[in-house]
Amino acid sequence: MNEKQEDIFTLHGEDLRHMILSACEYFEHHKESINDLNVFPVPDGDTGTNMSLTLKAAADALLSVNSSSIGEVAGIAARSSLMGARGNSGVILSQLFRGIARGLAGKDKATLYEFGRAFQYGIVYAYNAVSKPIEGTILTVAREIARGSREAVQSSLNIVGLLQIALESGKKALDRTPDLLPALKEAGVVDAGGLGLVVFIEGCLQSMMEKTSGKEATGYKLTPSLVETRKKTQNGPEEFDERYPYCTELLIQGSGLSVEKIRSELERWGDSLLVAGEDEIVKVHIHTAEPGRILQICMQSGSLHDIKIDNMADQYKSTHWAKFPAWKNLPESKTPENNVGADVNDLVKIGIVTISSGDGLANIFTALGADKVIAGGQSMNPSIEEIVRAIESLSSEMVIVLPNNNNIRFAAEQAAKLVEKEVAIVDTNSIPQGLAAMLAFDRTASLAQNQSRMLERAQQVKTGEVTFAVREARINDIQIKKNDIIGLADGNLLVRGEVVNRTTVALLQAMLTGEEEILTIFYGSEVSSSQVEELVKEITAKYPSLEVEFHYGGQPLYYYLFSLE
Amino acid sequence: MAVVRIVTDSTAFLPREKMEAYNIKVVPLYVHFPDEIILDGSIDNKVFFEKMKKTSKLPFTSQPSPGDFLKVYEPIINNGDEIVSIHISSGISGTVESAATAARMLQTDRISIVDSTVTSGGLALLTIAAAEAAEEGKARDEIVDLLEQLKKKMKVLFVPATLEYLKKGGRIGGAQALLGTILQIKPVLMFKDGKIEVFDKIRTMKKAMRRMVDELPEKGQNLRITILQAEAVETAGILKELIEERLPGTAVEIMGISPVIGTHVGPGVIGLAFLQK
């Protein structure tokens, strides 16, 4: 740490506001890279987009705030990010703000030390946000950050020191995520949510360093972003120049290091050069033909650490990712938020909120007794606020929420905590599961009885989904090209093909065990009725004992959703 | 001591031999077709459902008149005997009303009228239990008490092939909520507090049958089970197998339903009535 940072700066509301706004902007730049890391190449609520929208909710609220109280600013950031949180990773991020707000509550200003402790609170909140932590995800990263930074807080490090340690622990944990989660390893990526958290902290650190060093934000680069390097090593040929096959990364530690000097020494030995840091530590990243020479040059400035040299030609073969900003091309869900609370009478004690996309599916949910259908799901995960509003819009004091998507569960859980009503979440992971749960709903039974019965029934249904790949991938030993038609059974990619109907039949064939009696198909907005009729004809001919039923679902992106039971 | 005679109505659909064996009197309801009025139970079910299919307008049904009850009650009372008269649920039929009116007209306190809160096979099981008790020489009050006890243990579940008939006949009750459900559903309906309510919503007939069988008690002791069906003999056979798998050695009887009930639930219905004493 240099001397300037050792000065005890006092942080005001404006500083925190600035930190969040900068971190949000920083995040925005990396959003697409994070989206690209989503393991399944399916069009889904993307992690980068979800986290970015969550941060934006906080940023938007802060833009109009002019409070000097740091506690107040933290409180606004916490509330607004919580309401705007989307997707599981967004929810976890919002909890980080909640912890910070708790640490700063009632404070007009804070010392860097106090702020460091508040940030530590935030990380702990983020880790505790989830009831069933899965290792190898954003939670592993959050936990390791919490662990790594605990000592820093105890030893009275200021916020910059804390963030630096947090960042380092986060990166280390992130690198380990593929070892913890086989799906990541197979896909050759790190966890997207974990990366998002690291990127956010990096954004915070950058802003805080500006504050404490008094430098202007323009053109300042802290470290070569992890995002950038991942993109380069994993995203394939665009950035890969065969003249410079060795991606070389290292840290130089010393004193009085000069970023400019190191950069000028290295410049001629390769491309994609990034040199950044402070006078005690500098991070170097370069693509070169001569990694040995890079090491020699760097050793003249200080000691070398975390040396990593990869031959990108190897990586290109094993993990060639097509860049595809999936979220950009997603059509907005067509379904309006329709509140079709059919004949509300005094007996209706339990209301149901469900989340689905497509006008046809919304109608079906409504016909089965859902009181409120939130538009969302595969195309766009609803925010906590949308779920809160839906719950509050019902006249009933008890509400059941069906997320119908893995990535909406946390948001639903948080929404449940924010309302005064008694809320039970039935952990449905797909539209067919949601519909099966609806059928098990019994208005005369208790909330708890309904919750367990609905979940049990939902889990008895098999879900088939037919969509297209948003990028290349290799999953379950199936090589997938961008725009391939892919079929998923209960979230597992089972088949690929070129033709929608044929792929659907193949998926069905892979799923049938002979026990199933009824197939219910919901066709999406991009499928014509003649196309679905063709499909039904083919299936009926092939499986005469299977009862086949089809309905217009109107969902975007997914040609067919079907349930087998 | 006075002999207690058991009277029921045609919706119990007791086979003739049972009626004769227990000396049970049956008062019929009516089915009104545009061209003729049929006494419930006086026509073969196959013929009835054929006629129902052919008719342009669905038939409607009506309860027996108090006069119909008088015709049955009067000779028994005049003979010095007593009556326990058990009938189709007052929640779906006015039959109990007609019976009560008839009893009042006779100005006697020797007739007890019991609202079974069910019908069909459920009513049949209760009627036979009453007849057995009467045969054992139980007093009228004891039989009524017994019936009140058994009513609580009685369960009648059924799955109509379609809700159309219940809807048109106005007896749909709580199953009303299922109309307009876009997905194909095999609703498992039940009698609850004398009315038809939704027990569960199931997607396929096989699963619906399994759902009904799941409701059977764990053990088959003192258990009486009746399968109800209309134009669904094959399905009834499958249900029987499912029950026998679950409770080996328990006697399961397959019964039809009376045309009056058939008018309201439609052909293709399958049901289960059981009672554990």
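Scroll up to find the structure this text is about.
J.: Is there a simple way to think about the packing of helix H7 (residues 138–154) of chain A against helix H10 (residues 192–213) of chain A in this case?
T.: In helix packing, the relevant descriptors are the interaxial angle and the interaxial distance, both defined with respect to the helix axes. Residues and elements named next belong to chain A. Two elements in contact, H7 and H10, have axes separated by 7 Å at closest approach and are oriented at 40°. When the interaxial angle is binned, H7 and H10 end up oblique. Judged by the sense of rotation from one axis to the other, the crossing of H7 with H10 is right-handed. Side by side, H7 and H10 meet where Ile138, Val141, Ala142 and Ile145 of the first sit next to Gly193, Gly194, Leu197, Val198 and Ile201 of the second.

J.: Hey, could you run me through the nonpolar core in this one?
T.: Buried together is how nonpolar side chains tend to be arranged in soluble globular proteins. Phe119(A), Ile159(A), Phe200(A), Ile201(A), Ile387(A) and Val401(A) are the most contacted members of the largest nonpolar core, which has 90 residues in total. With 11 residues, the single largest contributor to this core is H10(A). When residues of this core are assigned to domains, at least three map to each of domain 1 (1–215) and domain 3 (330–432) of chain A. Apart from residues no more than four positions distant in its own chain, Phe119(A) is found in contact with Met19(A), Leu96(A), Ile100(A), Ile159(A), Leu162(A), Leu163(A), Phe200(A), Ile201(A) and Cys204(A). Counting residues in each nonpolar core, the second largest holds 64 residues, with Ile431(A), Leu507(A), Ile539(A) and Leu183(B) among its members.

J.: Honestly, the environment of Ser120(B) in this entry has me stumped. Any pointers?
T.: Residue and element names in this part refer to chain B. Along the chain, serine 120 turns up in helix H5 (residues 120–135). Judged by its relative accessible area of 5%, serine 120 falls in the buried class. Counting along the chain gives 80 residues from serine 120 to aspartate 200, while the straight-line C-alpha distance between them is 20 Å. If we skip the residues at most four places from it in the chain, serine 120 touches Thr11, Ala12, Leu228, Ile257 and Ile261.

J.: Please explain the packing of aromatic side chains as it appears in this structure.
T.: Any two aromatic rings considered together are summarised by their centre-to-centre distance and by the angle between their planes. A complete count under the given rule lists nine aromatic pairs over all chains for this structure. Their ring planes at 35° and their centres at 6.0 Å tell us that Phe158(B) and Phe191(B) sit as a pair that is tilted. On the criterion of sequence distance, the pair formed by Phe158(B) in strand S8 (residues 154–159) and Phe191(B) in strand S9 (residues 186–192) is long-range, its members being 33 residues apart. Under the relative-accessibility criterion, Phe158(B) is labelled buried at 6%. Overall, the relative accessible area of 14% leaves Phe191(B) in the buried class. Connected via pairs of aromatic rings, a cluster forms that spans Tyr523(A), Phe550(A) and Tyr552(A). When the ring centre of Tyr121(A) is taken as reference, the NZ or CZ atom of Arg102(A) above it lies at 4.2 Å. Lying over the aromatic face of Phe33(B), Lys51(B) brings its terminal NZ or CZ to 4.9 Å of the ring centre.

J.: Explain the sheet that holds strand S17 (residues 547–552) of chain A to me, please; I cannot follow it from the model alone.
T.: Picture the strands of a sheet paired through backbone hydrogen bonds; they go either parallel or antiparallel. Residues and elements named next belong to chain A. Spatial ordering of the open sheet is given by S15-S14-S11-S18-S16-S17, a layout of six strands whose pairing is mixed. Either end of the sheet is taken by a strand with one partner, and the two such strands are strand S15 (492–497) and S17. When the angles between neighbouring strand axes are averaged without regard to direction, this sheet yields 20°. Bridge count for strand S11 (residues 462–468) against strand S18 (residues 560–564) is five bridges, and the pairing is antiparallel. Its bridge partner lying in S18, glycine 464 is registered against phenylalanine 562. Here helix H18 (residues 431–440) sits on the sheet in contact with S11, strand S16 (518–523) and S18, set at roughly 45° to S18. Across the face of the sheet, helix H21 (residues 529–542) comes into contact with S16, S17 and S18 while running at roughly 165° to S16.

Here is what the cut-offs are and how they apply
- Residues numbered from 1 in each chain as written.
- Chains lettered and ligands numbered in written order.
- Predicted model: local features only at pLDDT ≥ 70, side-chain atom pairs only at ≥ 80, totals over all residues.
- Heavy atoms only, no water.
- Axes fitted to C-alpha atoms, helices over the stretch in contact; angles between N-to-C directions.
- Helix = DSSP H or I, 4+ residues; strand = E, 2+ residues; numbered from the N terminus.
- Parallel < 35°, antiparallel > 145°, perpendicular 65-115°, else oblique.
- Left-handed = near helix turned anticlockwise from the far one by under 90°.
- Contact = heavy atoms within 4.5 Å.
- Core = buried A, V, L, I, M, F, W, Y, C linked by side-chain atoms within 4.5 Å.
- Buried < 20%, exposed > 50% of the residue type's maximum accessible area, 1.4 Å probe, protein only.
- Domains from an automatic or database assignment.
- Phe/Tyr/Trp six-rings, centres within 6.5 Å; stacked < 30°, edge-to-face > 60°.
- Lys NZ or Arg CZ within 6 Å of the ring centre and 35° of its normal.
- Pairing = 2+ DSSP bridges.

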